Amino acid sequence: MTRPDPDWVFLRQGMLLPALCLLAGTLLWATTTIYRTRLDNVLEAERQALAGIEQERQELISRREAREQFSAVYDELTASGIVGPDQRLQWVQALRSSTSSLGLPYVRYSTGPQEVFTAPYLMAGISAPVMNSPMELQLGLVHELDLLRLLDKLAEYPGLFHVRACQLERLESDRPAESDSANLTGSCQLSWFSIPAGSTLAALNEGE
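The structure presented is a predicted model; accordingly, all values stated were derived computationally and were not measured.

1. Regarding the state of the cysteines
Next up, step 1: Overall, the coordinates contain one disulfide when judged by the stated rule.
Next up, step 2: Disulfide pairing places Cys166 opposite Cys188 at an S-S distance of 1.9 Å. Between Cys166 and Cys188 the disulfide shows an S-S torsion of about 115°. By sign, it is right-handed. Taken as a pair, Cys166 in strand β4 (residues 160-170) and Cys188 in strand β5 (residues 184-194) lie far apart in primary sequence, 22 residues in all.
Next up, step 3: Classification of Cys166 by relative accessible area gives partly exposed; the value is 36%.

Here's what the structure looks like:
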């Protein structure tokens, strides 16, 4: 007894429709998968862009709030002569006026070149640059309190200074102390501070 040969023509005809359906389903699945992957990529890119825009918006709000918060301080510093160019001539005039009003026997001064003031609390890229102008004083004083009165008098004028060091020395003399001549000599090193207006305005404009 022999095994009958399969009818390949009939078999091919019967499998043609299922094969076509399978191929169409595969193509549809592949197309849908690719399209969905592209949509997911676009959606993720849009989410990242939206997150970046939101971060920029929050930074802008923070900068505007900081500007509003410190605008009064900025105006006060500007009015007091701290923000702006080096006011060296005004500082010298304030020294002369204070010396004259207090009746000090004499005052001599010298100023050094302006330099950048550095401190741990001044953060680069955030804090506005602060400039330091050194001034050295040689004073003739009637008594010790004249030095304190002079420093208090200078504080009434526009500007901001820091006393780095002071030294008093009594003059050697056989005569008694007099009320209209120098009985002591004093030397002080001051630092006058200023903030360049251009850099401050640039920092403010970056916040807009």
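2. Examining the pattern of salt bridges
Next up, step 1: In the structure shown here, the tally under the stated rule is five salt bridges.
Next up, step 2: The partner of Asp146 in a salt bridge is Arg149, with the nearest N and O atoms 3.3 Å apart. Of this pair, Asp146 and Arg149 both sit in helix α3 (residues 145-154), three residues apart, which is roughly one turn of the helix.
Next up, step 3: With a shortest N-O distance of 3.8 Å, Lys153 and Glu156 are connected by a salt bridge.

How each quantity is defined
Residues numbered from 1 in each chain as written. Predicted model: local features only at pLDDT ≥ 70, side-chain atom pairs only at ≥ 80, totals over all residues. Heavy atoms only, no water. Disulfide = S-S within 2.5 Å. Helix = DSSP H or I, 4+ residues; strand = E, 2+ residues; numbered from the N terminus. Buried < 20%, exposed > 50% of the residue type's maximum accessible area, 1.4 Å probe, protein only. Salt bridge = Lys/Arg side-chain N within 4 Å of Asp/Glu carboxyl O.

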